[in-house]
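Here is how the chains run, residue by residue.
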Amino acid sequence: MSEIQNYILNFGPQHPAAHGVLRLILELDGEVVQRADPHIGLLHRGTEKLAESRIYNQTVGYMDRLDYVSMMCNEHAYCLTIEKLLDIEVPERAQYIRVMFDEITRLLNHLMWLGTHGLDVGAMTMFLYCFREREDLLDAYEAVSGARMHASYYRPGGVYRDLPDSMPQYEASQWHSQAEVDEQNKNRQGSLLDFLKDFTDRFEGYVDEYETLLTDNRIWKQRLVDIGCVTADEAKDLGFTGPMLRASGVPWDIRKMEPYAAYDKVDFDIPVGTNGDCYDRYVVRVEEMRQSNRIIIQCIDWLQNNPGPVMHEDHKVTMPDRMDMKQDMEGLIHHFKHFTEGYGVPEGEAYCSVEQPKGEFGTYIVSDGANKPYRLKIRASGFVNMSALNFLTEGHMLADVVTVIGTLDIVFGEVDR
Amino acid sequence: MVDLILSIYEIPIINILVKIIAILVPLLLTVAYFTYFERKIIGYMQVRIGPNRVGPRGWLQPIADAMKLMFKEIIFPSGANKILFTIAPTLTIATALAAWAVIPFGAEMVLADLNVALLYILAMTSVGVYGVILAGWSSNSKYAIMSTLRTAAQVVSYEIAMGFALVGVVMAARSLNIGDIVAGQSGSIWGWYMWPLLPLFVIYFISGVAETNRAPFDVAEGESEIVAGFHVEYSGILFAIFFLAEYANMILISIMAALLFMGGWLSPFQGVEFLGLGSSFLAGSSIVWLLSKTAIFMFLFLWFRATFPRYRYDQIMRLGWKVFIPITIVWIYVIGIMYYAELAPWFIKG
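Computed from a prediction, not measured in an experiment: that's the story for all the values here.

**Q** Where do I start with the interface of chain A and chain B in this structure?
**A** When the parts come together, some accessible area is lost, and that loss is often what is quoted as the size of the interface. Listed by partner, the interface residues are 35 residues for chain A and 28 residues for chain B. The shortest N-O distance in the salt bridge between Asp-400 of chain A and Arg-312 of chain B comes to 3.0 Å. Our enumeration of links across chain A and chain B arrives at 11 residue pairs in polar contact (both at pLDDT 80 or more). Residue composition of the side of chain A that touches chain B, by class: 22 nonpolar, 8 polar and 5 charged.

Following this line, the structure appears as structure tokens:
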């Protein structure tokens, strides 16, 4: 009898469903996966090492580029760690702004996830619907920071500047008539908060639209239900966090367990699943979008009624007001020091984590008292979630591998760092 | 001069060639513009515009695509069997086009008035599978061979469901000739076979979607799983030929659905008393009716693609074997009962 060997399939890095640069070595018996061996490191940029040779504030920009679909959440974790080491309080308004943008980021991430997950499973239209909504949120990013993706908006001690009073407008051109442009600019007449308010009013309807297409779709259910099941204990053993853990029925959310910023002042629920399969993870994330929308509405209400500073007052560690820099000697010195030497952080070590859309994202900083971190360690949820790939796909078919990769919601900027 | 042309036309070979050209040229143009409408329609369904750069409103896009594909280099993968690699697309397109020989476009408009037309079409579409199998096997690519296995299994099993669905039509029409089948549906819109054969009609069309490997049954070329499946290694004109064959088959499935179940060229207003529509020009048989019915099914292909997620390979097989084939067999018995009950207006013995 001849020897029968398993079929080895190289899946990625150039593969439409590899989500960036994932390289999987699949051992197949027919269509059934015997072993999935993920190879990572193709997007390694050495963020942790780079941070050691840059002053603290310069690394904020690198945080955006880790998980490049949940930019501001990454910044948040990094800023929280430095604030903990510096032992400074963030003004309340800045905390609310951070919560609001964390949730906008969660929407951005979950929309991206839903779109690509849909595309992986073959529901092509989802992708474009989700990107339609992302557009408005990215406009909000742009209005507040000038960049649509890599915002670097959060700073240790607060946020870079207060929310803008006006939104950028579309302009008529050869391709778009004045009437078209007026229609596009209709919800951009007020401040950023008015623009977001308008978005939150519409967003519930959009989520309903997605659910009409997918939630009760028989094919969608056949593809997702009972695929990649994880029990609560297994999920804990695998180190899952975020929606991956909650879909298995563990109501663990850092926003509730260890509230940071203004999360203890806003009202929201944590959705949990029961089976821990791909379908539950889908349902949990869709419900999270609704909850994020709820949080954003509350933040908008608070921010509209409570003006105030958005940066910590001690300009030894935070950037001074630009007017002070022009007119005040001390302000000028602060500005010069801030942008050349930076600020020293007291000796010690700290770990702070946030509930990033994908799970627990934490940074651990060891400081030797200098203006640069001695060591920066990033705890990325995507890396942990992806480690479970073999566990999740074993015994499933090739098409399910794609579903599972989609449900893991991995972004390689974060996995490879 | 006119006499000369007419006398040349009388030569059998010339006559047939002219008819073949009269079918193939419009068919290939339809394929080209079907791709354009596919991109446009799915585009509008997905809140985007679709092609609009080449020519006014993008009308020249299919021409530009065809030109591009023709001038691209054909790359033979290392270790590929060049002869089979070239034969595969040829085989696919040959059978896809040959099936059109027996399709009637009107009561008299048919190239080959075959008595076993239905069998001939089934035979042709079955042979087309060999093209796919050869393509996947000769490419020397793991993704392609995997897709080949999927396609072969899928097409063979859906062929059975489709065959059974057609048995129902044959039982109702008592003929394998497509012209006779259409003639058997005349009278009024209620005479169309889609009413007594509704389950078979639905199964026929779904099987057709599956057999042409279109969404949601496109596991053979499921881009998120096995990239492009059996034609992953093909480029240039060889790829274009696969593409052409796939779309020609989609149109074939659509026109067959229109002919066999929806009365072909018969008007839906035939025999309608209301407002005297039944006696107006709208009630006349016309190729326009046939083409518009076909267009409905072609649109459905695109609509499915924009709406549904993709089935998994084993789920498709389950649907085919455990759902469709039993339903069709049961319904064939029901037709038998209707046949003996001489259920009007479909089963009256002439």
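There's plenty left to go through after this.
**Q** Sorry if this is basic, but what is going on with unusual backbone geometry here?
**A** In most cases, non-glycine residues show a negative phi, while peptide bonds are predominantly trans. Residues and elements named next belong to chain A. Even without glycine at this site, Ala-261 takes up a positive phi of about 45°. Here Ala-261 is to be found in the loop between helix H11 (254-257) and helix H12 (278-305). With a phi angle near 60°, Asp-409 is a residue other than glycine that sits in the positive phi range. Along the chain, the position of Asp-409 falls in the loop between helix H17 (398-408) and helix H18 (412-416).

**Q** Would you take a moment to explain the packing of aromatic side chains for this structure?
**A** For any pair of aromatic rings, geometry is given as the distance between the ring centres together with the angle between the planes. A complete count under the given rule lists 35 aromatic pairs over all chains for this structure. Relative to Phe-242 of chain B, the ring of Phe-230 of chain B has its centre 5.3 Å away and its plane inclined at 65°; by these criteria the two rings are edge-to-face. With Phe-230 of chain B in the loop between helix H9 (223-226) and helix H10 (236-261) and Phe-242 of chain B in helix H10, this residue pair connects regions lying 12 residues apart in the sequence. Judged on exposure class, the residue Phe-230 of chain B and its partner Phe-242 of chain B are both buried. The structure contains a cluster of three or more aromatic residues connected by ring pairs, namely Phe-201, Tyr-204, Phe-205, Phe-261, Phe-297, Phe-301, Phe-304 and Phe-308 of chain B. In this structure, Arg-98 of chain A packs its charged tip against the face of Tyr-154 of chain A, placed 5.4 Å from the ring centre. The ring of Phe-383 of chain A carries the charged tip of Arg-417 of chain A above its face, separated from the ring centre by 5.7 Å.

**Q** Sorry if this is basic, but what is going on with empty space enclosed by the protein here?
**A** Remark: the empty space left among the atoms is shown by a probe the size of a water molecule rolled over them. Residue and element names in this part refer to chain B. Applying the stated criterion to the full structure yields 3 cavities of 30 Å³ or more. Computed from the structure, the largest cavity encloses a volume of approximately 300 Å³. In this structure, the largest cavity is lined by 22 residues; those nearest its centre are Thr-92, Val-132, Glu-211, Thr-212 and Asn-249. Counting only elements with at least two residues in the lining of the largest cavity, the list comes to helix H4 (82-98), helix H5 (117-138), helix H6 (142-173) and H10. In terms of residues, the lining of the largest cavity owes the most to one element, H10, which gives 6 residues. Within the lining of the largest cavity, the residues separate by chemical class into 10 nonpolar, 9 polar and 3 charged. Size it by volume and the second largest cavity reaches roughly 60 Å³. Along its surface, the second largest cavity is lined by Ile-121, Leu-122, Thr-125, Met-162, Leu-166, Tyr-204, Glu-211, Leu-252, Ile-253 and Met-256.

The rules behind these values
- Just so you know, the residues in each chain are numbered from 1, in the order the chain's sequence is written.
- Each chain gets a letter, beginning with A, and each ligand a number, beginning with 1, in the order they are written.
- Thresholds applied to this predicted model are a pLDDT of at least 70 for local features of residues and 80 or more for the giving and counting of side-chain atom pairs; totals over whole chains, interfaces and linings are not thresholded and use all residues.
- Values shown for side chains rest on all heavy atoms present in the structure; no hydrogens or waters enter the calculation.
- Whether two residues are in contact is decided by their heavy atoms: any pair within 4.5 Å suffices.
- When a carboxyl oxygen of Asp or Glu lies within 4 Å of a side-chain nitrogen of Lys or Arg, that pair is called a salt bridge.
- N or O atoms closer than or at 3.5 Å make up a polar contact, with two conditions inside protein: a donor-capable atom paired with an acceptor-capable one, and, for residues adjacent in sequence, both atoms drawn from side chains.
- Nonpolar residues are Ala, Val, Leu, Ile, Met, Phe, Trp, Tyr, Cys and Pro. Charged residues are Asp, Glu, Lys and Arg, and all others, Gly as well, are polar.
- Think of it this way: any DSSP run of H or I at least four residues long counts as a helix, any run of E at least two long counts as a strand, and we number them from the N terminus.
- Ring geometry is summarised as follows: Phe, Tyr and Trp rings, the Trp one being its six-membered ring, pair when their centres sit within 6.5 Å, and such pairs are stacked at plane angles under 30 degrees, edge-to-face over 60 and tilted between the two.
- Three labels apply to residues, based on accessible area from a 1.4 Å probe with only protein chains included: buried if under 20% of the type maximum, exposed if over 50%, partly exposed otherwise in between.
- We count a charge as sitting over a ring when the NZ of a lysine or the CZ of an arginine lies within 6 Å of the ring centre and within 35 degrees of the ring normal.
- In the cavity and pocket records, a cavity denotes points on a 1 Å grid over the protein atoms alone where a 1.4 Å probe fits but cannot get out, a pocket denotes an open set with protein on both sides within 12 Å along at least 5 of 7 lines, and lining residues are residues with an atom within 4 Å of a point.
- Grid points are joined across faces, edges and corners, and a volume is the space filled by probe spheres set on the points.

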